[in-house]
Amino acid sequence: MSPPTPATAAGHKLQAQAALQSGQTGLALQHMQRACELAPDSVAHRFEFGCLLAHLGRPDDALEQFRACVGLQPGFAEAWHFIGLTLARQGHLHDALAPLRRAHALEPGNVRVLERLAQAEFEVGDAADALPLWRALHALRPGDENIELKLGETLSRLGDADAASALYEQALQRDPASANLWMARAQAEEIAGRRDQAGAAYERALALRPGWAFPLAGLLGLRRGQAAQDHVAEAQALLDDPARGDDERALVGYELGKVFDGRGDFPGAMRAWHAANAARRRDQGEPDPADLASRVEASLAVFNRDLFERSAGLGSPDERPVFIVGMPRSGTTLLEQMLASHPQVHGAGELPDVSLIARDLPSRRGRPQQWPHILEDIALEPLPGAAKRYLAAALRQAPAGITRVVDKYPMNYYLLGLVALMFPKARVLWCRRDPRDVAISIYGENFALAERLATRLDGIGHLVRLQSRLMRHWQAVLPLPILEVRYEDVVADTEGQARRALDFLGLDWDPACLDFHRSERGVQTPSRWQVRQPVHSRSIGRWRHYENELAPLLAVLGDEPTDA
C-alpha cells in the first residue's frame, strides 16, 4: 500500500528525504518539486531542491533553484556560494567569480567560500585580488602545502619572486622531501634570475620524483646546449614514449629542441619541436585560423573613427601608460628592459588586466557577448572606472615619481582599441622582427595552452598576417601615437634605437638604458635569460638553420616574408 500523498510542503520534503534514503531518486525529485510548488517563497525548500538537483547531475536546473533563493533572499550567502560552486564545476570559472565574491562579502569568515573564491581568482581572476585570499588561508591553515604553492605562485605572478622563494624555503624547512615545493622554488629562482639556485632546486625535485617531466624540462631549458647528457637521454625517452601523457611529452619536447639547437643539431631540434607540437595538438586540439580571422574582422568593423569620436572625453587623461605590443619573440622583453632601466620608467611586465577588463565589460542590454562583438552594444560609461582599475594594477609596485609605466604583454595588439578608449594619451611601441625568426622561436616555445596557432608553422604565419593587418588598422584609426621598433635595428644600433624610443616617450636620455642586462628585476617571459646578457646578433637570421622546414610558413606569408 502506497503512503498517503502529503498535503503540505513540509510533508513532501519529508517524503523526498525518505525516498532518497531508499535510493528512489526520481521520487525524491518529484516530492521536492511539489514542495516548492506548494511553498514557492520558501528559500529552504528551493535550496534543498537545488542541492538535490546538483547531486543528481542536473546543474542547470540546480542553478535555477539557487538563483530563485537569492532572488527571494539576497543576503543568503550559501545560495550565492552554491551558484558559484555549480558554475565552477561546469567549467564557467569566470561566471563563478561574481557569486563567489558576493558570498565572501556576506560571510567573510566562511573558510569554504574563501577557499573556493581564492581558487577562482587564482585561475581566471586578478592575481592582486587572489593574494589577500591566499594569505588569509595561509594564516588559517599554516603548513598546508597546496595553499603555500598557490600563495607563492600568486606572489610570483605579481612580480615578487623573492617573497615566493622565501615562502618556499620556509616550507621546505618543515618538509624537505616535498618535490612540489622544490619545483616551485626552482621556478621562483629562475624568475628572479638566480640560475644556479634554480638548477639545484630542479635537481632536488627530480631526485625526489624520478621521471617527473616538469623539473626535467626545467633543467633542459636552464642549461640548453650544456644540458647533462643523462637528462637529455631521459627526456628523449619520455618524448618517444606513447604511454606518457601528451602534456608531458610536449613540455619536454620543447625544451629538448632547445638543447639540440644550442648544440648545433638543427635537424634534431626540429624533430623534437615537431613531436612537441604534435603532442600539444593532440592534447589541446587543432588551431583554428578562421576563428581568429573572424574576430579580427569584427574588431576592424567595430573600432572605427566614429567610435573614438563618440567616446571622446570618457577616457583617462593620464599620459603614463605605455604599451609594447607585437608578435611574441619579437623583442618586446628586450625593449621593456631597456626602457625600465630609465629612472622615470616602471616596467610592469606582462599584465593581464586589459584582457580582464575586456572580458568584464558590461553590455548595455545585458546580453552575454564575446569580445569584440560586445562593442556593438557596449556601455561606455564604465570606461573611467576601468582605466582606474588598470592604473592601480600597473602602478602596484612602481616607485614614486615615475612618469611612464610600461605594459609589455605582446598580444595587447588585439585590444589596442580598448586601450585607446581608456587612455587616449597612451603611447604604443610596436616591436617588429623578421617573421621567419619569430616563427622558429614561437614553434620551439612552450606557450600557453590556449595559443593553438603556435603549434603549426602555417598557423604562426596566419597569426603574423592577422597581427600586421590589425596594427595597420590601428595606425589608421587610433588617436594613439604608434612607434615601430625593429629588433634588427635595435641589435645594429642599440643606443640609437634606445634614444629614439625615449624621445617618443618624451624622456631625456639616460645611459642606464644600455645596462639593462645588469638589472635584478624578475622576468617571467621565455626571454628571461637572453635579456640578462648584452645585446647580441646571434638570433638574427636563425631561421636559415631551418630553411628546409619553412614551406608551410612561407606559403602563408606570401611574397614578402620580411614584412613582419
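Residues numbered from 1 in each chain as written. Predicted model: local features only at pLDDT ≥ 70, side-chain atom pairs only at ≥ 80, totals over all residues. Heavy atoms only, no water.

1. Quick word on the packing of aromatic side chains
One pass over the full model with this rule turns up 12 aromatic pairs. Ring geometry for tryptophan 273 and tyrosine 546: centres 5.6 Å apart, planes at 45°, overall tilted. Linking tryptophan 273 in helix H16 (residues 266-284) with tyrosine 546 in the loop between helix H26 (494-504) and helix H27 (551-557), this pair joins segments that are 273 residues apart in sequence. Residue classification places tryptophan 273 among the buried residues on the basis of a relative accessible area of 1%. Ring pairs connect the aromatic residues Phe47, Phe66, Phe76 and Phe82, which therefore count as one cluster. In this arrangement the basic side chain of arginine 432 is found over the ring face of tryptophan 430, its NZ or CZ atom lying 4.2 Å from the centre. Positioned over the ring face of tryptophan 543 is arginine 436, at 4.0 Å from the centre of the ring. (Phe/Tyr/Trp six-rings, centres within 6.5 Å; stacked < 30°, edge-to-face > 60°. Helix = DSSP H or I, 4+ residues; strand = E, 2+ residues; numbered from the N terminus. Buried < 20%, exposed > 50% of the residue type's maximum accessible area, 1.4 Å probe, protein only. Lys NZ or Arg CZ within 6 Å of the ring centre and 35° of its normal.)

2. A few points about the packing of helix H11 (residues 179-191) against helix H12 (residues 195-208)
Contact geometry for H11 and H12: axes closest at 8 Å, N-to-C directions at 160°. As far as their axial angle goes, H12 and H11 are roughly antiparallel. Of the two elements, H11 crosses H12, and the hand of that crossing is left-handed. Each of Ala179, Trp182, Met183, Arg185, Ala186, Gln187, Glu189 and Glu190 in H11 lies in contact with H12, whose residues at this interface are Gln197, Ala198, Ala201, Tyr202, Arg204, Ala205 and Leu208. (Axes fitted to C-alpha atoms, helices over the stretch in contact; angles between N-to-C directions. Parallel < 35°, antiparallel > 145°, perpendicular 65-115°, else oblique. Left-handed = near helix turned anticlockwise from the far one by under 90°. Contact = heavy atoms within 4.5 Å.)

3. Some remarks on the sheet that holds strand S5 (residues 482-486)
Spatially, 5 strands are ordered S2-S3-S1-S4-S5 in an open sheet, and the strand pairing comes out parallel. Edge strands, defined here as strands with exactly one partner in the open sheet, are strand S2 (345-347) and S5. Adjacent strand axes in the sheet meet at a mean angle of 25° when their direction is disregarded. Examined bridge by bridge, strand S4 (residues 427-432) and S5 share 5 bridges and lie parallel to one another. The residue bridging leucine 429 from the neighbouring strand is leucine 483, located in S5. Contacts between H26 and the sheet are confined to S4 and S5, with S5 contributing the most and set at about 170° to the helix. (Pairing = 2+ DSSP bridges.)

4. Looking at the environment of serine 42
Considering the arrangement of structural elements, one finds serine 42 in the loop between helix H2 (25-38) and helix H3 (43-55). Distance in space between the C-alpha atoms of serine 42 and alanine 9 is 9.2 Å, their sequence separation being 33 residues. A distance of 3.1 Å separates the side chain of serine 42 from the backbone nitrogen of histidine 45, its partner in a polar contact. (Polar contact = N/O pair within 3.5 Å; in protein donor to acceptor, adjacent residues only side chain to side chain.)

5. Here we look at the side chain of aspartate 318
Relative to the assigned elements, aspartate 318 resides in the loop between helix H18 (305-310) and strand S1 (321-326). Separated by 2.6 Å, the side chains of aspartate 318 and arginine 320 make a polar contact.

6. Let's talk about the pattern of salt bridges
Across all of its chains, the model carries 29 salt bridges by this definition. A salt bridge links arginine 310 to aspartate 306, with the nearest nitrogen and oxygen atoms 3.2 Å apart. Here arginine 310 pairs with aspartate 306, and both are found in helix H18, just 4 residues apart, close to one helical turn. In this structure, the salt-bridge partner of arginine 432 is glutamate 484, at a minimum N-O distance of 2.9 Å. Taken together, the residues arginine 432 in strand S4 and glutamate 484 in strand S5 connect sequence positions 52 residues apart. Residue class for glutamate 484 comes out partly exposed when judged on its relative accessible area of 22%. Linked by salt bridges that have partners in common, Asp162, Arg185, Glu189 and Arg194 make up one network. (Salt bridge = Lys/Arg side-chain N within 4 Å of Asp/Glu carboxyl O.)

7. Details of the environment of alanine 340
In this structure, alanine 340 sits in helix H19 (residues 332-340). When its relative accessible area of 13% is taken as the criterion, alanine 340 is described as buried.

8. A closer look at the side chain of arginine 427
By the secondary structure assignment, arginine 427 is in strand S4. Buried charged residue arginine 427 carries no salt bridge. Nearest counter-charge: glutamate 319, at 4.6 Å. Among the polar contacts made by the side chain of arginine 427, one reaches the main-chain carbonyl oxygen of phenylalanine 504 at a distance of 3.1 Å. Not counting residues up to four positions away in its chain, the partners in contact with arginine 427 are Glu319, Pro321, Val322, Phe323, Arg404, Pro481, Phe504 and Leu505. (Lys, Arg positive; Asp, Glu negative; His and termini not counted.)

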